[in-house]
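Examination of the molecular architecture
Here is what each chain is made of, one letter per residue.
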Amino acid sequence: MTTVVDGKEVAASVIGVVKTTTMALEKDTGVKPGLAVIIVGDDPASHTYVSSKSRMAKECGFTSIQHTLPAETTQGDLAALVETLNRDKTVHGILVQLPLPRPLESDPIIQSILPEKDVDGLHVVNAGKVATGDLDGGLVSCTPAGAMVFVRRTHGEDLSGLSAVVIGRSNLFGKPMAALLLAANATVTTAHSRTKDLAGVCRNADILVAAVGRPEMVKGDWVKPGATIIDVGINRVPAPEKGEGKSRLVGDVAFEECAEVASIITPVPGGVGPMTIAMLMANTVIAAYRKLGRTPPKF
Ligand code: GUN
């Protein structure tokens, strides 16, 4: 029997821990975790994401601040706002929604966030801590952190003897995901578009993670019987069966045929997606606990 992971349910359990640890922190110290989200310009999809993040932060009991800036904001103005938030003691986490509108450059802005407030885990200090296996000192970016919650709930903390294949080598996901699996003792292969015999490499995986952005690329005969599959892809494809001009979301994994071979599989939508916001909240609580000199909760 294949188990289809319910990402919403797992995300809700992470949010449950965020809420109880937030209440405990406030009771003991009088301090609420503070999350500041910055959005520049008027991209509708980005506004939708940011509204969900701000709403969830309030629901978790945080102080939630949203800075909505016009598309004409200068690099200097944005940098000055980050500097103000870096100095603000009530703010434990800062998130700058990406992509920024042209001609703003995101990298200098992201790198100017204090690493201990970088709840997106995108600062090179946090990326470096993940790369060196220092997982208790930094902040792990939200999507790989969320994917690892699924892996831990299936296989436990120690992946000794298991082989993991990550398809995709992006700085945002593939590289940190591979580093997290390695830190948990898996034997890890990072595969990508130049990998020879990708199907054969994937067939070796006890844990197969796909993050390539190619709709339904991973086929059923690429999957080792009994494997765990984590699908990080979100691709919109035409769905004429739903009506003219309609579309639907699919992952990087051909779900039906892979589900027949795997033991555990995450769906798209409803798998990794709901975990990303939950892990952002988790990172904000972790940042607040650390700032107050307390041992943060584990997720
Ligand atoms: N845009 C889309 N996803 C993300 C994310 O996880 N973090 C930020 N900062 N911007 C995004």
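Residues numbered from 1 in each chain as written. Predicted model: local features only at pLDDT ≥ 70, side-chain atom pairs only at ≥ 80, totals over all residues. Heavy atoms only, no water.

**Section: the nonpolar core**
Our working definition: By convention a nonpolar core is built from buried Ala, Val, Leu, Ile, Met, Phe, Trp, Tyr and Cys residues, the set being connected through side-chain atoms within 4.5 Å. To sort residues, take the accessible area from a 1.4 Å probe on protein chains only and compare it with the maximum for the residue type: under 20% means buried, over 50% means exposed, and anything in between is partly exposed. Per the convention used, a helix needs a DSSP run of H or I reaching at least four residues, while a strand needs a run of E reaching at least two, with both numbered from the N terminus. In this analysis, two residues are considered to be in contact whenever any of their non-hydrogen atoms come within 4.5 Å of each other.
One finds Met177, Leu181, Val209 and Met281 to be the most contacted residues of the largest nonpolar core, which totals 52 residues. For this core, the secondary structure elements donating two or more residues are helix H1 (7-29), strand E2 (34-40), helix H2 (44-59), helix H6 (142-155), strand E5 (163-167), helix H7 (174-183), strand E7 (207-210) and helix H10 (273-291). The element contributing the most residues to this core is H10, with 10 residues. The residues touching Met177, leaving out its near neighbours within four places in the chain, are Pro144, Ala147, Met148, Val151, Val166 and Val209. Formed by 20 residues, the second largest nonpolar core is a distinct cluster that contains Val165, Ala191, Ala227 and Ala262.

**Points about the pairing of E2**
Short version of the rule: Orient the strands so they point away from the viewer; a crossover is then right-handed if the path from the first strand over the helix to the second runs clockwise. Whether two strands pair comes down to DSSP finding at least two bridges between them.
Within E2, 7 of the 7 residues are buried, which leaves it mostly tucked inside the rest of the structure. The alternating pattern of E2 places Gly34, Ala36, Ile38 and Val40 and Leu35, Val37 and Ile39 on opposite faces, both of which are buried. Between the parallel elements E2 and strand E3 (residues 63-69), the chain passes through H2 in a crossover that is right-handed. Judged from the 4 bridges that link them, E2 and strand E4 (residues 93-96) form a sheet pairing that is parallel. Its bridge partner being in E4, Leu35 is matched across the sheet by Gly93.

**Quick word on unusual backbone geometry**
Following Arg102, the chain continues into Pro103 via a peptide bond in cis, with omega recorded as 0°. Considering the arrangement of structural elements, one finds Pro103 in the loop between E4 and helix H4 (106-112). Between Val268 and the following residue, Pro269, the backbone shows a cis peptide bond with an omega angle of -5°. A positive phi is found at Asn185, a non-glycine position, where the angle reads about 80°. Among the structural elements, Asn185 can be located in the loop between H7 and strand E6 (187-191). Backbone geometry places Asp197, a non-glycine residue, at a positive phi of 50°. Relative to the helices and strands, Asp197 is located in the loop between E6 and helix H8 (198-202).

**Comments concerning the site of the ligand**
Counted only if it meets this: The near set for a molecule or strand comprises every residue that places at least one heavy atom within 4 Å of it. Any N or O atom pair separated by 3.5 Å or less is treated as a polar contact, with the protein-specific requirement of one donor-capable and one acceptor-capable atom, and with residues adjacent in sequence counted only for side-chain atom pairs. Note on areas: these come from Shrake-Rupley sampling with a 1.4 Å probe, and a residue is covered only by the protein chains present in the view. Amino acids outside the nonpolar list (Ala, Val, Leu, Ile, Met, Phe, Trp, Tyr, Cys, Pro) and the charged list (Asp, Glu, Lys, Arg) are all regarded as polar, and Gly is one of them.
Around the ligand sit Lys53, Leu95, Val96, Gln97, Leu98 and Asp120, and that is every residue in its neighbourhood. Between Gln97 and the ligand, the recorded distance is 3.1 Å, taken from a side-chain N or O atom to a nitrogen atom. Within the complex, the protein chains bury 70% of what would otherwise be the 280 Å² of accessible surface of the ligand. Grouping the constituent residues of the shell around the ligand by class yields 3 nonpolar, 1 polar and 2 charged.

**Describing H2**
Residues lying three or four places apart along an α-helix face the same way, a consequence of the helix completing one turn every 3.6 residues. Inclusion rule: Working rule for helices: expected span equals 1.5 Å times residues minus one. The directions considered for the arc run from the helix axis to the C-beta atoms.
Taking 1.5 Å per residue, 16 residues should reach 22 Å; H2 reaches 23 Å between its end C-alpha atoms and fits that length. Here H2 has its buried residues at Ser46, Val50, Lys53, Ser54 and Ala57. On an axial view of H2, the arc spanned by its buried residues comes to 95°, and they lie on one face. The exposed set on the far side of H2, more than 90 degrees from its buried face, consists of Pro44, Thr48, Arg55 and Lys58. The elements touched by buried residues of H2 are E2, E3, E4 and H10. Residue Gly61 follows H2 closely and has a positive phi angle near 95°.

**Description of the sheet that holds strand E11 (residues 264-265)**
Inclusion rule: Between N-to-C directions, angles cover 0 to 180 degrees, with each direction set by a line fitted to C-alpha atoms, over the stretch in contact for helices.
Reading across the sheet, the 6 strands line up as E1-E11-E8-E7-E5-E6 and stay open at both edges, with parallel pairing between neighbours. Taken across any chain shown, the strands that pair with only one partner, and hence form the sheet edges, are strand E1 (3-4) and E6. Here 2 bridges tie strand E8 (residues 228-231) to E11, and the two strands are oriented parallel to one another. Following the sheet pairing, Ile229 is matched in E11 by Ile265. The sheet contacts of H6 involve E7, E8 and E11, and relative to E8 the element is tilted by about 165°. Relative to the sheet, H7 contacts E5, E6 and E7, its axis offset from that of E5 by approximately 175°.

**Quick word on the sheet that holds E4**
Taking strand neighbours across the sheet as the criterion, the 3 strands line up as E3-E2-E4 in an open arrangement whose pairing is parallel. Edge positions in the sheet fall to E3 and E4, since each of these pairs with one other strand and no more. Strand-to-strand twist of the sheet, defined as the mean angle between neighbouring strand axes without regard to direction, takes the value 15°.

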